[in-house]
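Understanding the architecture of this molecule
Below, each chain spelled out in residue letters.
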Amino acid sequence: MSDKKVAILGATGVVGTQMIQCLEERNFPISELIPLASARSAGKKLTFKGETVTVQEATPEAFKGVDIVLGAASDGIAKEFLPKAAEQGAICVDNSHAFRLDEDVPLVIPEINPQDIQNHPRNIIANPNCATIIGLVPTYPLHQVAGLTRMIVSTYQSASGAGMPGLCELERETKAIANNQPVGDTAPFQYQLAENLIPQIGSFKEEDYTSEEWKMQNEGSKIMHLPKVRINCTCVRVPVMRSHSESITCEFERPITPEHAREALSHAPGVKVVDSPAKLEYPMPLDTSDQDLVYVGRIRKDISAPDGVNALTFFCCGDQIRKGAATNAVQIAEQLV
């Protein structure tokens, strides 16, 4: 396995910075790292494996000779540059929403559909939405046991899901309130997030569901190759710095007990079962931040289900910057090499 020339588009953002860290942590075989960003970030110095690398301006010429591009930029930037990089022979693993639902672009969670990685006719592979990844990693092993037919999901998504502006805004609001100062403008959030919950992430679309909520439906069915699965999602922004949490109820074709689910999940890749009501053990953002596993707990039968045996409810939590974005992209790149 030869070392690869790797470029990161959007290298100075939250996800791009985490991608660099993940590449180093996982000892990815790199001959040269090329961090790319906007003109205003060009010239900044970053550290990779103890050496200083300089951020370059993202231009079509910057991708010459690159083997793999990890995209951590906006939809618009991804659409502008990644097809040009792909035309020059680079395989692009993109974290934006730009290509996720394109039929000729695989959408991949390596724990679920690694076989899709090799079929990338446009040299573009899409990284799913962070909440989709965190919700599906523990759901798919249960599908393999009992056959998933329906999901009802409520997400509790942290401020860092809105990038560095989200992190900074929650910190600013928290300090303002502590000092009895007015909160003022709350961008990038629609309302004050500190001491509050905002039941809207993304813009409102058809049927009054938001764009973030539609991502779980559309991306989930594509990743799991379940075109008939039914998914209902409500996404909520919460005043937590890092790690998304999700409450999920699943209905299945075949009976499955909480005990059977715990057993299946205890052997599932990328999952850690934390589920002991007697010891008050369950997944929480503080415990799941800055690591790559999705914690799952509160596994119990859905007592509202008509038959009471073909439905489960559980709670999961994972770091959306790492497994929900950067680590998942690096895992895809590892499969490529």
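Along each chain, the written sequence defines residue order, and numbers are assigned to residues from 1. The model is predicted, so local features are restricted to residues of pLDDT at least 70 and side-chain atom pairs to those at 80 or more, both for listing and for counting; the totals for chains, interfaces and linings are taken over all residues. Side-chain numbers here rest on the full set of heavy atoms in the structure, without hydrogens or water.

If a residue is not glycine, its phi is most likely negative; likewise, a peptide bond is most likely trans. Going from Ala-187 to Pro-188, the amide bond is cis rather than trans, its omega being 15°. With respect to the secondary-structure elements, Pro-188 resides in the loop between α4 (163–178) and α5 (211–224). Phi is positive for Lys-49, which is not a glycine, with a value near 55°. Although it is not a glycine, Glu-195 sits at a positive phi angle of roughly 60°. Secondary structure counts use DSSP, requiring at least four H or I residues in a row for a helix and at least two E residues in a row for a strand, with both numbered from the N terminus. With respect to the helices, strands and loops of the structure, Glu-195 is situated in the loop between α4 and α5.

Attention shifts here to α4. Here α4 contains 16 residues, and its C-alpha end-to-end distance of 23 Å stays within 8% of the 22 Å for a straight helix at 1.5 Å per residue. Burial classification: accessible surface area is computed with a 1.4 Å probe over protein chains only, and a residue below 20% of its type maximum counts as buried, one above 50% as exposed, and the rest as partly exposed. Among the residues making up α4, those that are buried are Gly-163, Gly-166, Leu-167, Glu-169, Leu-170, Glu-173 and Ala-176. Immediately downstream of α4, the backbone of Asn-180 shows phi near 55°, a positive value. Take the residue count of a helix, subtract one, and multiply by 1.5 Å to get its expected span.

As a further point, take helix α1 (residues 14–25). In a regular helix each residue adds 1.5 Å, so 12 residues correspond to 16 Å; α1 covers 16 Å between its end C-alpha atoms and thus fits that length. Every buried residue belonging to α1 is among Val-14, Val-15, Gly-16, Gln-18, Met-19, Ile-20, Cys-22 and Leu-23, and all of these are buried. Of the surrounding secondary structure, the elements contacted by the buried residues of α1 are β1 (4–9), β2 (30–37), β3 (45–48), β6 (68–71), α4 and α8 (322–336). A positive phi of about 55° marks Asn-27, the residue just after α1. Between two residues, a contact is recorded if the distance between any of their heavy atoms is within 4.5 Å.

On to the pairing of β2. β2 sits mainly inside the fold: 6 of its 8 residues count as buried. Two elements, β1 and β2, share 6 bridges in a ladder whose sense is parallel. If you follow Leu-9 over to β2, its bridge partner there is Leu-36. When the strands point away from the viewer and the path from the first strand over the helix to the second turns clockwise, the crossover is right-handed. A crossover connection joins β1 to the parallel β2 through α1; in handedness this β-α-β unit is right-handed. Pairing between two strands is assigned when DSSP locates at least 2 bridges connecting them. With 2 bridges joining them, β2 and strand β5 (residues 56–57) adopt parallel strand pairing. Note on β5: the bridge partner recorded for Leu-36 is Gln-56.

Strand order in the open sheet formed by 6 strands is β5-β2-β1-β6-β7-β8, and the pairing between neighbours is parallel. Every other strand in the sheet has two partners, leaving β5 and β8 (124–126) as the edge strands with one partner each. Where β1 and β6 come together, 4 bridges link them in parallel fashion. Bridge assignment links Leu-9 to a residue of β6, and that residue is Gly-71. Packed onto the sheet, α1 meets β1, β2 and β6 and runs at close to 155° relative to β1. Here an axis means a line fitted to C-alpha atoms, over the contact stretch when the element is a helix, while the angle between two N-to-C directions is reported on a 0 to 180 degree scale. Helix α2 (residues 75–87) rests against β1, β6, β7 (91–94) and β8 of the sheet, and its axis sits at about 155° to β7.

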